[in-house]
Amino acid sequence: MEPSAAQQRLLDAAVDAFAESGFGGTSTRDIATRAGRSPAAVYIHHESKEDLLFAVSIQGHIDSMECLRQAAASSDDPAERLHGMVYAYSRWHMVNAKLARVVQYEFHALTAEHRQEILALRRQFQKVMVEAVLDGVHAGRFSVDDAAGTARALLSLCIDLARWFEPGPGRKVDVVADLNANLALRIVDARPSGAPRAAQNRNPVERPAKASSRRGDAAAKATVQRKGTSK
């Protein structure tokens, strides 16, 4: 259910307060003041400050998941899909940096029950990204040994932007998002469409055989030289 205008003002004020002072350094009075409401107004919609943090966390996860799912559905080509997903997810974390920081870095302040609900949502992100990676592997376009580990690395590449990104000279949102998306394709060793993975995998098998042959030739030469010396 979409929050009302009054509820959204409280959520926005909570994001600003938690991002600036942290969960522990924020009071419900701080949040109410930022929202232009009385302290009692917070409790009309939320049982506690922690419940307000949970509502913010739910909203952040739902919004960013929608962003990721839309990007995942944007192309049938595995490389284009992964590029679009990492681009969109990176961009979301820069444009919504305050919300993202609260969602990611105030997780410990949630109750055990609420943490479990958020972890269930986070597993959905992992599932969507693993599926995108495996689609590319099965199509012969990606070379990945650990799909789950690779998916976590790709998600982390995007999420960490909320921690350090600040717009400035040489740091434009779209440029950084595109850089991350290109790095993602390098991480999965993406191949152009039509380049068969089997052809790429033959050389590493042949190289050890050639090296072994060279060692055999060198050994044979050494044997001949020793025989000549003994004479």
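Analysis parameters
- Residues numbered from 1 in each chain as written.
- Predicted model: local features only at pLDDT ≥ 70, side-chain atom pairs only at ≥ 80, totals over all residues.
- Heavy atoms only, no water.
- Helix = DSSP H or I, 4+ residues; strand = E, 2+ residues; numbered from the N terminus.
- Polar contact = N/O pair within 3.5 Å; in protein donor to acceptor, adjacent residues only side chain to side chain.
- Salt bridge = Lys/Arg side-chain N within 4 Å of Asp/Glu carboxyl O.
- Buried < 20%, exposed > 50% of the residue type's maximum accessible area, 1.4 Å probe, protein only.
- pLDDT = per-residue confidence, 0-100.
- Contact = heavy atoms within 4.5 Å.
- Expected span 1.5 Å × (residues − 1).
- Core = buried A, V, L, I, M, F, W, Y, C linked by side-chain atoms within 4.5 Å.

### Focus: the side chain of Arg141
Here comes step 1: Along the polypeptide, Arg141 turns up in the loop between helix H7 (112-138) and helix H8 (147-159).
Here comes step 2: For Arg141, the side chain forms a polar contact with the side chain of Asp77, separated by 2.9 Å.

### What about the pattern of salt bridges?
Once the charged atoms of two side chains with opposite charge are near each other, the side chains can pair.
Here comes step 1: For the structure on display, the rule yields eight salt bridges.
Here comes step 2: With its nearest N and O atoms 3.4 Å apart, the salt bridge here joins Asp16 to Lys98. In this pair, Asp16 sits in helix H1 (residues 5-21) while Lys98 sits in helix H6 (residues 97-105), placing the two residues 82 residues apart along the sequence.
Here comes step 3: By relative accessible area, which is 29% here, Asp16 ends up partly exposed.
Here comes step 4: Two residues, Lys127 and Glu131, come together in a salt bridge whose shortest N-O distance is 2.7 Å. A residue pair is termed a helical-turn pair when its members lie 3 or 4 positions apart in one helix, as Lys127 and Glu131 do in helix H7 at four residues.

### Some words on the confidence of the model for the protein chain
Here comes step 1: Per-residue confidence for the protein chain gives a mean pLDDT of 85; residues scoring 70 or more make up 83%.
Here comes step 2: Every residue in residues 196-231 scores below 50 in pLDDT, and together they form seven contacts with partners more than four places removed in sequence or on other chains.

### Topic: helix H10 (residues 173-187)
Here comes step 1: Taking 1.5 Å per residue, 15 residues should reach 21 Å; H10 reaches 21 Å between its end C-alpha atoms and fits that length.
Here comes step 2: Of all the positions in H10, only Val173, Val176, Ala177, Asn180, Ala181, Ala184 and Leu185 are classed as buried.
Here comes step 3: Check the buried side of H10 and you find it contacts helix H5 (78-95), H8 and helix H9 (161-164).
Here comes step 4: Once H10 ends, the next one or two residues include Asp189, with phi positive near 55°.

### Points about the nonpolar core
Here comes step 1: Core analysis: the largest hydrophobic core is formed by 55 residues, its most contacted members being Ile31, Leu68, Leu82 and Met129.
Here comes step 2: Those elements that place two or more of their residues in this core are H1, helix H2 (28-35), helix H4 (49-72), H5, H6, H7, H8 and H10.
Here comes step 3: The contact partners of Met129, leaving out residues within four places of it in the chain, are Leu68, Leu82, Met85, Val86, Ala151, Leu154 and Leu155.

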